[in-house]
Structure formats: structure tokens, C-alpha cells
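Residue-level structure breakdown
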Amino acid sequence: LAKTTQPISMDSYEGQEVNITCSHNNIATNDYITWYQQFPSQGPRFIIQGYKTKVTNEVASLFIPADRKSSTLSLPRVSLSDTAVYYCLVGAQTGTASKLTFGTGTRLQVTL
Amino acid sequence: DTGVSQDPRHKITKRGQNVTFRCDPISEHNRLYWYRQTLGQGPEFLTYFQNEAQLEKSRLLSDRFSAERPKGSFSTLEIQRTEQGDSAMYLCASSPKNPGLAGGRGNEQFFGPGTRLTVL
């Protein structure tokens, strides 16, 4: 499984754009990049997934350069409720079951 | 509420006691996972079921741990002779038989709120 490296923590003010970068130097050809969000005392929640270039949904954008050795989760105009831990995961999108391998994640603290 | 539910939400027990947790997945999901999460760490995979069959177990799942999913619906996780090191959040997740590959959500898992175990 490809190992991921993310910043331990980040701070932001409300209304700002937040970019969290994840390194995955040994990503395999068939690996996808997935981000989960976890609030205190809750289970993780899927945010976004991508393979290459850019993916955007109603919550976030995911930027993946051509070499795919890193990815950046972009949260536009964060609010206090975006304070959470964000996990970057790398693994095969097999279409069948696959366990998720979480790292330590990035703790995002949003303040006024 | 049609999400994943877990019971109890909190459990305090004394060292050496047995505990059992229950997970009810989303009804149409045939895949069920158990994870354990300690403070400051991400969740760690414990075991996985497809319907009633337990298909994968982590080496983290010692002999004191046993999980079942007898009818392919709810699942239980039992810890025998609990130790203080077992104190953690135990998370259950489920996923559908045919994940939304086209929608870019191929390995999405839906997590429950977890059961927080404290072993005194």
C-alpha cells in the first residue's frame, strides 16, 4: 500500500481557502486518491476521490499533478464547521471491497 | 435514520471483563468493516465481512477478539478478557455491493458513530 504524508495540523480563518497537500511518492498505477473528513466523536466521512488532474464536487476540489506523487485537497471559503481531521488515502479502486488505510491525518482548525 | 448505527456508544469496563459491541449497517450494504481508532491516530482496519463470511482479519485482531455477522445483516465484535490497551474507539463501516465507480466513489465506506471503550 502506498504510504501517504500530510501535515500534522493547519490553521485557517473563516472564509479563507484551505489547501492540504498529501505526498504519495510510491503510488501505484491503479491507485486512486481519496480524502475523508472526521469530526470529533464521529466516524470518518468520504469527501472526494480522484485519479488524475482535477475533480470537483459540492464540498471540495482535488488537484492531482501529472506524476500523481502528490495531491491537494482544496476547501473553498472554510467555516468553523470545517474544523476536523482530514485523511488522505491511496489505494486501488477495485470495485470490490477494500480495507481503508488511514494515516494520522491533518487537523484543520478554523477560527474567526 | 438510515445510516450505520452502533451500540453502545460508550462502554466502561474493568480489566478482564468481556464486552460485546453491535453494528447495524445500511440495509442494502452487503459489506461490513470493523476499525479501531486510538487517540490522535487514524482508524486501523480490524476485519471485513461480505454478507455473513468473514473474508479478512488484521493481525491486530488477537485471539481475544472475535467478530460475527450471522445473517449477513448486523455484526457483533466481542473482546474477551479486556486489557487497558484495548481502550479505543471501535468503528463500524459498510459499503454497497456495487460501489459508484462511475461517480468517483469507488471505495467509499459509510462509517457509524463508533463505540468508545474504556478499560479501567
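Here the structure is shown first, and the text comes after it.
Residues numbered from 1 in each chain as written. Chains lettered and ligands numbered in written order. Predicted model: local features only at pLDDT ≥ 70, side-chain atom pairs only at ≥ 80, totals over all residues. Heavy atoms only, no water.

1. Let's talk about the pairing of strand β8 (residues 84-92) of chain A
Residues and elements named next belong to chain A. Let me state the cut-off plainly: Only protein chains enter the accessibility calculation, which uses a 1.4 Å probe; a residue whose area is less than 20% of its type maximum is buried, one above 50% is exposed, and one in between is partly exposed. For the purposes of this entry, the term helix denotes a DSSP run of H or I that reaches at least four residues, the term strand denotes a run of E that reaches at least two, and both are numbered from the N terminus. Being paired, for any two strands, means DSSP has found at least two bridges between them.
A large share of β8 lies buried, amounting to eight of its nine residues. In the sheet, β8 pairs with strand β9 (residues 106-111) via three bridges, with the strands oriented antiparallel. Counterpart to Ala84 in the pairing with β9 is Leu108.

2. Description of the sheet that holds strand β3 (residues 31-38) of chain A
Residue and element names in this part refer to chain A. Rule in force here: A fitted line through C-alpha atoms represents every axis, and for helices the fit uses only the stretch in contact; the resulting angles, taken between N-to-C directions, go from 0 to 180 degrees.
Pairing is mixed across the open sheet formed by five strands, whose spatial order is β1-β9-β8-β3-β4. Edge strands, defined here as strands with exactly one partner in the open sheet, are β1 (9-13) and β4 (45-50). The sheet shows a mean angle of 25° between the axes of neighbouring strands, taken without regard to direction. For β3 and β4, the ladder comprises five bridges, and the chain directions are antiparallel.

3. Notes on the pairing of β3 of chain A
The buried fraction of β3 of chain A amounts to seven of the eight residues, a majority that puts the element mostly inside the structure. Hairpin geometry of β3 of chain A and β4 of chain A is characterised by an intervening segment of six residues between the two adjacent antiparallel strands and by a positive phi of about 60° at Ser41 of chain A.

4. Side note on the pattern of salt bridges
Residues and elements named next belong to chain B. Applicable threshold: Any carboxyl oxygen of Asp or Glu that lies within 4 Å of a side-chain nitrogen of Lys or Arg is treated as forming a salt bridge with it.
Scanning the model with the defined rule gives three salt bridges over all chains in all. Here Arg22 ties to Asp24 by a salt bridge, and the two come within 2.7 Å at their closest N and O atoms. Classification of Asp24 as partly exposed rests on a relative accessible area of 25%. Two residues, Arg64 and Glu83, come together in a salt bridge whose shortest N-O distance is 3.4 Å. Taken together, the residues Arg64 in the loop between β6 (53-57) and β7 (65-68) and Glu83 in the loop between β8 (75-79) and β9 (88-95) connect sequence positions 19 residues apart. Residue Arg64 is classed as buried on the basis of its relative accessible area, which comes to 11%. Bridged by salt links that share partners, the residues Arg64, Glu83 and Asp86 form one connected network.

5. Observations concerning the packing of aromatic side chains
Here is the rule: The rule is short: rings of Phe, Tyr and Trp, with Trp giving its six-membered ring, pair when the centres are within 6.5 Å, and they are stacked under 30 degrees, edge-to-face over 60, tilted in between. Here, a charge over a ring means that NZ of Lys or CZ of Arg falls within 6 Å of the ring centre while also lying within 35 degrees of the ring normal.
Inspection of the entire model under this criterion finds 13 aromatic pairs over all chains. Each ring, one from Tyr36 of chain A and one from Phe46 of chain A, has its centre 5.8 Å from the other, and the planes form 85°; the classification is edge-to-face. One end of the pair, Tyr36 of chain A, is in strand β3; the other, Phe46 of chain A, is in strand β4, with ten residues separating them in the sequence. Accessibility classification places Tyr36 of chain A together with Phe46 of chain A in one group, the buried group. Feature note: the residues Tyr36, Phe46, Tyr87 and Phe102 of chain A together with Tyr33, Tyr35, Phe45, Tyr48 and Phe111 of chain B constitute an aromatic cluster, connected by ring pairs. Cation over ring: Arg68 of chain A sits above Tyr51 of chain A, and NZ or CZ is 3.9 Å from the ring centre. Across the ring face of Phe74 of chain B, the terminal group of Arg22 of chain B is positioned such that the distance to the ring centre comes to 3.9 Å.

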